Amino acid sequence: MKRWQVFANGIFRENPIFRLVLGMCPTLAVSTAVVNGLGMGLAATFVLVCSNVIISLLRNVIPKEVRIPCYIVVIATFVTIVDKVMAASAPGLHQVLGIFIPLIVVNCIILGRAEAFASKNTVGRAFMDGLGMGIGFTLGLVLLSFFREVLGEGMLLVAEDFGFTGWRIIPEDNQALMLILPPGAFITLGLLLAGINKLSAKLSAAKDLAGKGGE
Amino acid sequence: MSKNKKIMEQLRLVLVLTLIAAFSGGILAVVNHLTEPRIKELERQATNEALALCLPGAGDFQKEESLPAGAGADVSEVYLGYVNNEPAGVVVKVEPRGYGGKISMMVGVTAGGKVAGVKILSHSETPGLGAKIKKDDFLQQAAIRESGLENPPALVRDGGKVEAITNATISCRAVVRGINQALAVAESFFAPADGRLGTEADGERGDGEG
């Protein structure tokens, strides 16, 4: 695989949210507003890229018997950095994301990529994989929170922390409140998964057809 | 020979993990050193902003070391606000239980026993329902804004004048309970018997300088 393919892989073919269905806890919990999803996604991307690079660099140094504790230490270090820097620069967002920032440590995507990819690949490829997976995760979160925010809250892009009051899309008191509540997270995610499965099935069918036509 | 090799291998495991942990500790110490003052500063700033909003006009706030005797169960912090070194009112941090958890709020009460400002700091009420307690429609209504010791706020449903948010009675009742507990704290500071009563009430009694 070429590097850009490694990168694109995380966004489409192995999208963490819609394809691998990993890291669901933060996904379901923070996707109530686009800005929260974006913040969480970018924080996870930073950790993913950094931990992938460091673990790839140390892949010949870390003995396989203690690799998991080593990975966790590396990941936890970057998560703590994100936590501190976010608290110092965007306290409102930090308060909203709350417990889910420290919990990036146990996000399956990050340990999963460390184990499945970074520990077996060169630094450049590990970097591209981290970036692709991180952006894929962020896009998934933004898509999910877009539907939940617009339909559930009736608003788009509310980010009081950054002085954004957002736009009202649906008149007040007419929004589907349930989508903002926890059950709405499951319902929205389920519908999106179904939609994306359908779409990719169609796409691959079309590809097969085109492939045959070309022969 | 092979036993020696095994021990060396074990030592390597310990050494690598220890080195990684030590290195990580060092980096985190630096990050902490760089961000800690800023985080503390932001927290202080947020508190000061909330205090100023709840008791407009007061320039200097002093946190009370201990809560006054008989303070409500939800009262967590009390600040005295000063104007020209004279106590002008209190700001009380109360955390009444709402529907989804504690509602952390600040209530300012003037020395005259009037509610000067209410700010919701954090809450975990239902989005779209109880979460509306933060909105001006609710918090800035006359029945709350103009309430005080003389006319403590109460929901319409409880015989008062405060209009509750539809389908969020529990959240609204919690906010009103918080305000009433703050008023009780203010009373213990500025009650007539205490001799620290504000000028407004002095004038009413008519035994002042006139």
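Rules of the game
- Residues numbered from 1 in each chain as written.
- Chains lettered and ligands numbered in written order.
- Predicted model: local features only at pLDDT ≥ 70, side-chain atom pairs only at ≥ 80, totals over all residues.
- Heavy atoms only, no water.
- Contact = heavy atoms within 4.5 Å.
- Polar contact = N/O pair within 3.5 Å; in protein donor to acceptor, adjacent residues only side chain to side chain.
- Helix = DSSP H or I, 4+ residues; strand = E, 2+ residues; numbered from the N terminus.
- 1 Å grid on protein atoms, 1.4 Å probe; cavity = no way out; pocket = protein on both sides within 12 Å on 5 of 7 lines; lining within 4 Å.
- Points joined across faces, edges and corners; volume = space filled by probe spheres on them.
- Salt bridge = Lys/Arg side-chain N within 4 Å of Asp/Glu carboxyl O.
- Buried < 20%, exposed > 50% of the residue type's maximum accessible area, 1.4 Å probe, protein only.
- Core = buried A, V, L, I, M, F, W, Y, C linked by side-chain atoms within 4.5 Å.
- Axes fitted to C-alpha atoms, helices over the stretch in contact; angles between N-to-C directions.
- Parallel < 35°, antiparallel > 145°, perpendicular 65-115°, else oblique.
- Nonpolar A, V, L, I, M, F, W, Y, C, P; charged D, E, K, R; others polar.
- pLDDT = per-residue confidence, 0-100.
- Phe/Tyr/Trp six-rings, centres within 6.5 Å; stacked < 30°, edge-to-face > 60°.
- Pairing = 2+ DSSP bridges.

> Any chance you could explain the interface of chain A and chain B here in plain terms?
Put simply, an interface is often sized by how much accessible area is lost when its parts join up. Between chain A and chain B, the residue contacts involve 25 residues of the former and 23 residues of the latter. Counting the contacts that link chain A with chain B gives four residue pairs in polar contact (both at pLDDT 80 or more). When contributions to the side of chain A that touches chain B are tallied by element, the ones reaching two or more residues are helix 4 (67–89) and helix 5 (91–97) of chain A. Sort the elements by how many residues they give to the side of chain A that touches chain B and helix 4 of chain A lands first, with eleven residues.

> Please clarify how the layout of surface pockets should be interpreted in this entry.
To find leftover empty space, a probe the size of one water molecule is rolled over the atoms. Residues and elements named next belong to chain A. Quantified by volume, the second largest pocket comes out at close to 490 Å³. When residues of the lining of the second largest pocket are traced back to their parent elements, those giving at least two are helix 7 (123–153) and helix 8 (182–214). With six residues, the top contributor of residues to the lining of the second largest pocket is helix 8.

> Quick question: what am I supposed to make of the pattern of salt bridges here?
Two side chains bearing opposite charge may form a pair once their charged atoms approach each other closely. The tally for this structure, following the rule as stated, stands at ten salt bridges over all chains. Glu-115 of chain A is paired through a salt bridge with Arg-67 of chain A; the nearest N and O atoms lie 3.0 Å apart. Of this pair, Glu-115 of chain A sits in helix 6 (residues 108–116) while Arg-67 of chain A sits in helix 4, placing them 48 residues apart in sequence. Judged by its relative accessible area of 28%, Arg-67 of chain A falls in the partly exposed class. Across the salt bridge formed by Arg-173 of chain B and Asp-158 of chain B, the nearest N and O atoms sit 3.0 Å from each other.

> Help me understand the nonpolar core in this model?
A general feature of soluble globular proteins is that nonpolar side chains tend to end up buried together. Residues Ile-17, Val-47, Met-86, Leu-97, Ile-101, Ile-104 and Leu-189 of chain A are the most contacted members of the largest nonpolar core, which totals 46 residues. Among the secondary structure elements, those contributing two or more residues to this core are helix 2 (24–30), helix 3 (34–57), helix 4, helix 5, helix 6, helix 7 and helix 8 of chain A together with helix 1 (2–54) of chain B. If you tally residues by element for this core, the top one is helix 4 of chain A, at nine residues. Apart from residues no more than four positions distant in its own chain, Leu-189 of chain A is found in contact with Ile-17, Phe-18, Met-24, Leu-28 and Leu-144 of chain A. Formed by 33 residues, the second largest nonpolar core is a distinct cluster that contains Val-107, Ile-144, Ala-168 and Phe-190 of chain B.

> Explain unusual backbone geometry here, please?
For residues besides glycine, phi is generally negative; the peptide bonds are generally trans as well. Its identity is not glycine, yet Asn-167 of chain B carries a phi of approximately 65°, on the positive side. For Asn-167 of chain B, the location among the structural elements is in the loop between helix 3 (142–145) and helix 4 (169–190).

> I keep staring at the packing of helix 4 of chain A against helix 1 of chain B and nothing clicks. Help me out?
Geometry of a packed helix pair, given as the angle between the helix axes and the separation of the axes. The interhelical angle for the contact between helix 4 of chain A and helix 1 of chain B, taken along N-to-C directions, is 10°, at an axis separation of 8 Å. Accordingly, the angle class assigned to the pair helix 4 of chain A and helix 1 of chain B is roughly parallel. Grouping the constituent residues of the contact of helix 4 of chain A with helix 1 of chain B by class yields 17 nonpolar, five polar and three charged.

> Looking at this structure, I do not really get the confidence of the model for chain A. What am I missing?
Interpreting fine coordinate detail is not advised for predicted regions of low pLDDT. The pLDDT averaged across chain A works out to 82; a share of 92% of its residues lies at or above 70. Looking over chain A, one finds the lowest element-wise mean pLDDT in strand 2 (residues 167–168) of chain A, namely 72, and the highest in helix 4 of chain A, namely 90.

> Honestly, the packing of aromatic side chains in this entry has me stumped. Any pointers?
Each aromatic ring pair is characterised by the separation of its centres together with the angle its planes make. Residues and elements named next belong to chain A. Under the definition given, this model contains two aromatic pairs over all chains. With a centroid separation of 6.3 Å and an interplanar angle of 85°, the aromatic rings of Phe-46 and Phe-78 are classed as edge-to-face. In this pair, Phe-46 sits in helix 3 while Phe-78 sits in helix 4, placing the two residues 32 residues apart along the sequence. Its relative accessible area of 37% is what places Phe-46 among the partly exposed residues.

> Looking at this model, I keep getting lost on the sheet that holds strand 2 (residues 75–83) of chain B. Mind explaining?
Strand-to-strand pairing in sheets goes through backbone hydrogen bonds, with the strands running parallel or antiparallel. Residue and element names in this part refer to chain B. Sheet architecture is open: five strands sit in the order 1-2-3-4-5, paired in antiparallel fashion. For this open sheet the edge positions go to strand 1 (60–63) and strand 5 (115–122), each flanked by a neighbour on one side alone. This sheet shows a mean twist of 20° between the axes of neighbouring strands, independent of strand direction. Here strand 1 pairs with strand 2 via four bridges, running antiparallel.

> Is there a simple way to think about the pairing of strand 4 (residues 104–110) of chain B in this case?
Walk down a regular strand and you will see the side chains alternate between the two sheet faces. All names here are of chain B. Counting buried positions along strand 4 gives seven out of seven residues, so the element sits mostly inside the fold. Here strand 4 shows two buried faces, one formed by Ser-104, Met-106, Gly-108 and Thr-110 and the other by Met-105, Val-107 and Val-109. One ladder, built from six bridges, connects strand 3 (residues 86–94) with strand 4; its direction is antiparallel. When the sheet's bridge partners are listed, Lys-93 is paired in strand 4 with Met-106. By the bridge criterion, six bridges tie strand 4 to strand 5 in an arrangement that is antiparallel. Residue pairing for strand 5: Val-107 is matched across the bridge by Val-118. Between strand 4 and strand 5, which pair antiparallel in sequence order, lie four residues; one of them, Gly-113, sits at a positive phi of approximately 85°.

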